[in-house]
Amino acid sequence: IVSPYFRLHIPNAFTPNNDGLNDHFKVIGHAIESYSLNIFDRWGGKIYESNNIQQYWEGIEKGGYAAPQGAYVYVIKVKDVKGKDYEYTGTVTLLR
């Protein structure tokens, strides 16, 4: 997602296998004032949350267990530096 001052990149898949390539789900943005990320399993249970765009999801559930391979729903809320609110919902695929 790109505008003249605001940018956001949301990956659609990652492979947390410690090979140094796509090991985590990390949203990258520019000109962001506030940010929240929530990730849900297929039953709608929240398994990850963050308010820091510098943090990323490593494919670990809240209990510290490795999340199984599959699709997970994310909800991202962002406010850009000009005060405009955005909300993005989609899926990210975790591949093991």
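Report on the accompanying structure. (Residues numbered from 1 in each chain as written. Predicted model: local features only at pLDDT ≥ 70, side-chain atom pairs only at ≥ 80, totals over all residues. Heavy atoms only, no water.)

**Things to note about the overall build of the protein**
Next, step 1: Looking only at helices and strands, one finds zero helices and seven strands in the protein.
Next, step 2: Helices (α) and strands (β) of the protein occur, in sequence order from the N terminus, as β-β-β-β-β-β-β.
Next, step 3: Taken over the C-alpha trace, the protein has a radius of gyration of 13 Å; the compact-globule value for 96 residues is 12 Å, and the two agree within 12%.
Next, step 4: In terms of overall dimensions, the protein has C-alpha extents of about 40 × 30 × 20 Å along its principal axes.
Next, step 5: Evaluated residue by residue, the protein yields a buried proportion of 36% over its 96 residues.
Next, step 6: Intrachain contacts of the protein at a sequence separation of at least 6 include 50% that bridge at least 24 residues.
Next, step 7: For the protein, the exposed surface amounts to about 5900 Å²; the carbon and sulfur share of it is 49%.
Next, step 8: Charged side chains of the protein number 10 positive and 10 negative; the gap between the two group centres comes to 5 Å. (Helix = DSSP H or I, 4+ residues; strand = E, 2+ residues; numbered from the N terminus. Rg over C-alpha atoms; globule rule 2.2 N^0.38 Å. Buried < 20%, exposed > 50% of the residue type's maximum accessible area, 1.4 Å probe, protein only. Contact = heavy atoms within 4.5 Å. Areas by Shrake-Rupley, 256 points an atom, 1.4 Å probe, with all protein chains shown as cover. Lys, Arg positive; Asp, Glu negative; His and termini not counted. Charge placed at Lys NZ, Arg CZ, Asp CG, Glu CD.)

**Looking at the nonpolar core**
Next, step 1: F25, I39, W57 and I76 are the most contacted members of the largest nonpolar core, which totals 22 residues.
Next, step 2: Listing elements by their share of this core, those giving two or more residues are β4 (32–40), β5 (46–50), β6 (70–80) and β7 (85–94).
Next, step 3: Setting aside residues up to four positions removed in sequence, I76 forms contacts with I10, V27, Y35, S36, L37, Y86, E87 and Y88. (Core = buried A, V, L, I, M, F, W, Y, C linked by side-chain atoms within 4.5 Å.)

**So, unusual backbone geometry**
Next, step 1: With phi around 60°, N18 is a residue other than glycine that occupies positive phi space.
Next, step 2: Of note, N18 is situated in the loop between β2 (13–14) and β3 (28–30).
Next, step 3: The exposure class assigned to N18 is exposed, which follows from its relative accessible area of 74%.
Next, step 4: Unlike most non-glycine residues, N22 shows phi in positive territory, near 55°.
Next, step 5: For N22, the location among the structural elements is in the loop between β2 and β3.
Next, step 6: Taking the relative accessible area as the measure of exposure, N22 reaches 57% and is therefore exposed.

**Describing the sheet that holds β4**
Next, step 1: The strand order across the open sheet formed by five strands is β2-β7-β6-β4-β5, and the pairing between neighbours is mixed. The open sheet terminates on both sides in strands that have one partner only, identified here as β2 and β5.
Next, step 2: Note: β6 against β7, ten bridges, orientation antiparallel. In the strand pairing of β7, K79 is matched with D85. (Pairing = 2+ DSSP bridges.)

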